[in-house]
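Summary of structural features
If you want the building blocks of each chain, they are given just below.
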Amino acid sequence: MKLAMKYVILYVSDFEKTMDFYKGIFGLPVKMQQDTYVEFDTGATTLSINTRKDVKELTGLNVPEGSAPTQTFEVGFVVEDVVATIETLRQQGVTILKEPVTKPWGQTVAYIADPDGHYIEICTSVE
């Protein structure tokens, strides 16, 4: 079996806030949109969003109504300058969860949250 990750879908409560975050603040181009389902171009892996209500109706899965104060996964974005990126995001009102730190393996990482509280790692690539 050969698996290839193609996309990640985040379930969101506030569609407009989340669109503004990923499209407006992050500047991610929209690949396609169908109602509340949106795909953003991030390179090899597509980042998608959809409302919790729509996902529940489409799939019949048990999707929680609201965001949780803790998460069980994170989305990572690689940048050249983590400190400068975090400062830009801070100036735009983005919640900074963890300030930039350089790990023992040489990678610089910081953590922010999107409007639904999804953890987002902003990091340099691992050399």
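Whatever comes next refers back to the structure up there.
Residues numbered from 1 in each chain as written. Predicted model: local features only at pLDDT ≥ 70, side-chain atom pairs only at ≥ 80, totals over all residues. Heavy atoms only, no water.

Digging into the packing of aromatic side chains
Within this structure, the stated rule accounts for 5 aromatic pairs. Look at Tyr22 and Phe40: their rings are 5.9 Å apart centre to centre, the planes differ by 40°, and that puts the pair in the tilted class. Of this pair, Tyr22 sits in helix α1 (residues 15–25) while Phe40 sits in strand β3 (residues 37–40); the two residues are 18 residues apart in sequence, bridging distant segments of the chain. Assessed through its relative accessible area of 0%, Tyr22 is described here as buried. Through pairs of rings, three or more aromatic residues link up here, namely Phe21, Tyr22, Phe26, Phe40 and Phe77. (Phe/Tyr/Trp six-rings, centres within 6.5 Å; stacked < 30°, edge-to-face > 60°. Helix = DSSP H or I, 4+ residues; strand = E, 2+ residues; numbered from the N terminus. Buried < 20%, exposed > 50% of the residue type's maximum accessible area, 1.4 Å probe, protein only.)

Some words on the sheet that holds strand β4 (residues 46–51)
Spatially, the 4 strands line up as an open sheet ordered β1-β4-β3-β2, and their pairing is mixed. With partners counted over all chains shown, the strands left at the sheet margins are β1 (7–12) and β2 (30–34), one partner each. On average, each strand axis in the sheet is tilted by 15° relative to the strand beside it, whichever way the strands run. Two strands pair when backbone bridges link them, and β1 and β4 are joined in this way by 6 bridges, in the parallel orientation. Bridge assignment links Tyr11 to a residue of β4, and that residue is Asn50. Contacting β1, β2, β3 and β4, α1 runs over the sheet at an angle of about 165° to β4. (Pairing = 2+ DSSP bridges. Axes fitted to C-alpha atoms, helices over the stretch in contact; angles between N-to-C directions. Contact = heavy atoms within 4.5 Å.)

Topic: the sheet that holds strand β7 (residues 108–113)
Pairing within the open sheet is mixed, and its 4 strands lie in the order β5-β8-β7-β6. Only two strands of the sheet have a single partner each, and these edge strands are β5 (74–78) and β6 (95–102). Averaged over all adjacent pairs, the angle separating strand axes in this sheet is 20°, with direction ignored. Here 5 bridges tie β6 to β7, and the two strands are oriented antiparallel to one another. Bridge assignment links Thr102 to a residue of β7, and that residue is Thr108. Where helix α3 (residues 82–91) meets the sheet, it contacts β6, β7 and β8 (119–123), and its direction lies at approximately 165° from that of β6.

A look at α1
Restricting attention to buried positions, one finds in α1 the residues Phe15, Thr18, Met19, Phe21 and Tyr22. One side of α1 holds all its buried residues, which, seen down the axis, span an arc of 160°. Among the exposed residues of α1, those pointing more than 90 degrees away from its buried face are Glu16 and Lys17. In this fold, the buried residues of α1 make contact with β1, β2, β3, β4, β7 and β8. The distance from a side-chain oxygen at the start of α1 to the backbone nitrogen of Glu16 is 3.3 Å, and the residue carrying that oxygen is Asp14. (Arc of directions from axis to C-beta. Polar contact = N/O pair within 3.5 Å; in protein donor to acceptor, adjacent residues only side chain to side chain.)

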